[in-house]
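Chains, contacts and geometry: an overview
In case you want the letters, here they are:
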Amino acid sequence: MSTIRVVRGVGTAPTEMASYDAALAAANIHNYNLVTVSSVVPADATVEEVDVAPDLGPAGNRLTVVQARETTSTPGERVVAGLGWATGPGPGLFYEASGGDEASVRESIRSGLDAGRDLRDWEFDDEQVALTAAEHEGDGYTTVVTVAAYGQSESLF
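Conventions we followed
- Residues numbered from 1 in each chain as written.
- Predicted model: local features only at pLDDT ≥ 70, side-chain atom pairs only at ≥ 80, totals over all residues.
- Heavy atoms only, no water.
- Helix = DSSP H or I, 4+ residues; strand = E, 2+ residues; numbered from the N terminus.
- Rg over C-alpha atoms; globule rule 2.2 N^0.38 Å.
- Buried < 20%, exposed > 50% of the residue type's maximum accessible area, 1.4 Å probe, protein only.
- Contact = heavy atoms within 4.5 Å.
- Pairing = 2+ DSSP bridges.
- Axes fitted to C-alpha atoms, helices over the stretch in contact; angles between N-to-C directions.
- Phe/Tyr/Trp six-rings, centres within 6.5 Å; stacked < 30°, edge-to-face > 60°.
- Core = buried A, V, L, I, M, F, W, Y, C linked by side-chain atoms within 4.5 Å.

The next thing to look at is the overall build of the protein chain. For the protein chain, the count of helices and strands is two helices and nine strands. Against the compact-globule benchmark of 15 Å for 157 residues, the protein chain has a radius of gyration of 16 Å, which places it among compact chains. Seen through its principal axes, the protein chain has C-alpha atoms that stretch 50 × 40 × 20 Å. Counting over 157 residues, the protein chain shows a buried share of 41%. Once local pairs closer than 6 in sequence are excluded, the contacts in the protein chain between residues at least 24 apart make up 77%.

This is the structure we're talking about:
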C-alpha cells in the first residue's frame, strides 16, 4: 500500500517564484520536479497528514502531487491554500482551493468534494480538510502551499 502525504508550507522571498520555492522548502519537497495530477486517490493508497515530507528520493526526481497554492505581495493581505480529501474502501478524491480567507476556501473544498462524489459510484466514509494560511508582512511575496505528495519520487530518466 502506498502513502500519500499531505504537507504544508509558507515562504517569503523577494520574487513570486522564490517565495513558492521557499514554501516548498518549508514542506521539504523543494528538491523535486513536481508533476501535478487531477486529484484521484488510488484505491490502494492511504492519505496521512505530516508536518514535513520525509526524504522521498534523490534531488531532481519527479514527484507526483496535487497542490493548492496562493501568493500575494500586498502587505497585510492573508493567503490560504487548502486540500480536502474523501476516501473509503476504494478510490478517493482530492479537491484543492485557494483564496483570502479560511472559511471560503474550506467551503469551496467541501462543495468540490460533494460534486465529485456525486459524479462517482464509489463509497466514501471519511473526509478531511487541510489548510495553510499566512499574512504577508513587509516586502517581497508570501506563498502558502498545501500539497499531497504521492509515494516516493521517481527518476526522470
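This next bit is on the sheet that holds strand S7 (residues 92-99). Strand order in this open sheet of four strands is S3-S7-S6-S8, and the pairing throughout is antiparallel. A single partner strand is all that each edge strand has here, and the edge strands are strand S3 (40-41) and strand S8 (126-135). Docked against the sheet, helix H2 (residues 102-118) engages strand S6 (78-87), S7 and S8, running at close to 150° with respect to S7.

Attention shifts here to the packing of aromatic side chains. According to the stated counting rule, one finds three aromatic pairs in the structure shown. Relative to Tyr 150, the ring of Phe 94 lies with its centre 6.3 Å away and its plane at 55°, an arrangement referred to as tilted. Here the residue Phe 94 occupies a position in strand S7, and Tyr 150 occupies one in strand S9 (residues 141-150), the gap between them amounting to 56 residues. Tyr 150 shares its class with Phe 94; the two are buried. Plain terms: the ring middles of Trp 122 and Phe 124 are 6.2 Å apart, the flat faces sit at 45° to each other, and that makes the pair tilted. A relative accessible area of 18% means that Phe 124 is categorised as buried. Site record: aromatic cluster; members linked through ring pairs are Trp 85, Phe 94 and Tyr 150.

This part takes up the nonpolar core. Among the nonpolar cores identified, the biggest contains 16 residues, and Ile 4, Val 6, Val 66, Phe 94 and Ala 148 are the most heavily contacted of them. Elements with a minimum of two residues in this core: strand S1 (2-13), strand S5 (62-72), S6, S8 and S9. When residues of this core are assigned to their parent elements, the largest contribution, four residues, is made by S6. Ignoring any residue separated from it by four or fewer positions in sequence, one finds Val 66 in contact with Val 37, Ser 39, Leu 83, Phe 94, Glu 96, Thr 146, Val 147, Ala 148 and Tyr 150. Ranked by size, the runner-up nonpolar core spans 15 residues in total, among them Val 7, Tyr 20, Ile 29 and Val 50.

Non-glycine residue Asn 28 carries a positive phi angle of around 65°. Note on placement: Asn 28 falls in the loop between helix H1 (16-27) and strand S2 (33-36). One non-glycine residue, Ser 39, adopts positive backbone phi at about 95°. On the secondary structure map, Ser 39 appears in the loop between S2 and S3. By relative accessible area, which is 8% here, Ser 39 ends up buried.

Turning next to the environment of Ala 13. Summarising the element assignment, Ala 13 is placed in strand S1. You can call Ala 13 buried: its relative accessible area is 14%. Sequence-wise, Ala 13 and Thr 143 are 130 residues apart; in three dimensions their C-alpha atoms are separated by 8.8 Å. Once residues lying within four places of it in the same chain are set aside, the contact partners of Ala 13 are Ala 18, Ser 19, Gly 140 and Tyr 141.

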